[in-house]
Amino acid sequence: TDYLYATMRIRSMERFLITPEIINRMLDTKTPEDAAKILSEIGFPEIHEASLSAVETSISELRNQTFKTLHSITSNQPLIDFFSIKYDYHNIKAFLKASLTGKDATDVFIDAGKIPVRVLTEMLLQEDGSRMSKRMAIAVSEAKDMFSQTGDPQLLDFVLDHAMYAEMKVEAENSGDRFLMGYFKLLVDIQNLRSTARAGRLHKDSAFLSSVLQPGGNINPRSFLSAIEGNATLGELFSGSAIETVAEAGGSAMAGV
């Protein structure tokens, strides 16, 4: 009963989801403006011009409304923070890559994290990690050092991704919600499945894969190493699981089928 009201509230909002039927209606329109009107009909903030920036603005407003709704229907802050953390790390990645390469990241920031973009960028500019979580501050420092040593932005992503998943695990545990913890484990499994399939297609070795695999899922990271070394298939690792079919498809992609 803890989430009885929340469940009813969210179900009432499901009529605004972008369903296959909505997508087909948009595809059948004659102009981008007509397609944008359909989005407005299902609850998106009004899109005044059919441009990418206008659509992004509308999506951003709707995302912010969604988080406000979540705050209004539950007092379980860790549960909400679990879904906000990824935006903090997205913004950190965008800021660091922009500052290290001399580009502007303003257009790619997403103001939906635990830390407002304005505050986060100020902290990063001043190299002030005192208001960040300890794990986040350490990850930012390590990512910057990694990039300065290698010049490889992908390695910067690896460092920050490890910290992000670690923080998400803490929030899932703090929420006391077994479903959320199960969701986190599945999320890690899917990420590791994706990483393994990508590494296989790019002919990366087990050392590379080991550096990008995330702990905390249902499947031990060592099992993914056996898959890339040819001692097991992804389908076998996920046999009987909810994502067995997806894993089999990933195995086929690794094999170039």
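Heads up: the structure comes first, above all this text.
Residues numbered from 1 in each chain as written. Predicted model: local features only at pLDDT ≥ 70, side-chain atom pairs only at ≥ 80, totals over all residues. Heavy atoms only, no water.

## Comments concerning the packing of aromatic side chains
What describes a pair of aromatic rings is the distance from one ring centre to the other and the angle between the planes of the rings. The final tally for this structure, using the stated rule, is seven aromatic pairs. Ring geometry for F82 and Y183: centres 6.0 Å apart, planes at 65°, overall edge-to-face. Of this pair, F82 sits in helix α5 (residues 77-101) while Y183 is found in helix α9 (residues 178-201), placing the two residues 101 residues apart along the sequence. The class for F82 is buried, based on a relative accessible area of 1%. When the ring of F83 is compared with that of Y183, the centres are 5.8 Å apart and the planes differ by 50°; the resulting orientation is tilted. With F83 in helix α5 and Y183 in helix α9, this pair connects stretches of sequence that are 100 residues apart. (Phe/Tyr/Trp six-rings, centres within 6.5 Å; stacked < 30°, edge-to-face > 60°. Helix = DSSP H or I, 4+ residues; strand = E, 2+ residues; numbered from the N terminus. Buried < 20%, exposed > 50% of the residue type's maximum accessible area, 1.4 Å probe, protein only.)

## A closer look at the side chain of S195
Locating S195 in the fold gives a position in helix α9. Taking the relative accessible area as the measure of exposure, S195 reaches 7% and is therefore buried. Aside from chain neighbours lying at most four places away, what touches S195 is L209 and V212. (Contact = heavy atoms within 4.5 Å.)

## Examining the environment of A50
Mapped onto the secondary structure, A50 falls in the loop between α3 (32-41) and α4 (52-73). Measuring from C-alpha to C-alpha, the distance between A50 and S60 comes to 15 Å, with ten residues separating the pair along the chain. Ignoring anything within four residues of it in the chain, the contact list for A50 reads P32 and E33.

## Describing the packing of α5 against helix α6 (residues 117-125)
The N-to-C vectors of α5 and α6 enclose an angle of 45°; their axes lie 11 Å apart at closest approach. Taken together, the axes of α5 and α6 lie oblique to each other. Read as a crossing pair, α5 and α6 show a hand that is right-handed. Mapping the contact onto sequence places D88, N91, I92 and F95 in α5 and V117, L120, T121, L124 and L125 in α6. When its residues are assigned to classes, the contact of α5 with α6 shows six nonpolar, two polar and one charged. (Axes fitted to C-alpha atoms, helices over the stretch in contact; angles between N-to-C directions. Parallel < 35°, antiparallel > 145°, perpendicular 65-115°, else oblique. Left-handed = near helix turned anticlockwise from the far one by under 90°. Nonpolar A, V, L, I, M, F, W, Y, C, P; charged D, E, K, R; others polar.)

## Some details on a nonpolar patch on the surface
Among the surface-exposed residues, I18, I23 and L27 lie close enough to one another that they form a single nonpolar patch of about 290 Å² accessible area. Looking at the secondary structure, you find I18 in the loop between α1 (4-13) and α2 (20-28). The exposure class of I18 is partly exposed, given its relative accessible area of 42%. (Patch = residues over 30% accessible without salt bridge, like charges linked within 9 Å, V, L, I, M, F, W, Y side chains within 5 Å. Areas by Shrake-Rupley, 256 points an atom, 1.4 Å probe, with all protein chains shown as cover. Salt bridge = Lys/Arg side-chain N within 4 Å of Asp/Glu carboxyl O.)

## Details of the layout of surface pockets
The volume enclosed by the largest pocket comes to roughly 1,100 Å³. Going through the elements one at a time, α1, α4, α5 and α9 are the ones with two or more residues in the lining of the largest pocket. It is α4 that provides the largest number of residues to the lining of the largest pocket, a total of nine residues. Each residue belonging to the lining of the largest pocket can be placed in one class, and the counts come to 20 nonpolar, six polar and five charged. Computed from the structure, the second largest pocket encloses a volume of approximately 320 Å³. Considering the residues around the second largest pocket, the lining is formed by L52, S53, E56, S60, R63, T106, D107, V108, F109, I110, D111 and V117. With five residues, α4 is the single largest residue contributor to the lining of the second largest pocket. Partitioning the lining of the second largest pocket into residue classes produces five nonpolar, three polar and four charged. (1 Å grid on protein atoms, 1.4 Å probe; cavity = no way out; pocket = protein on both sides within 12 Å on 5 of 7 lines; lining within 4 Å. Points joined across faces, edges and corners; volume = space filled by probe spheres on them.)

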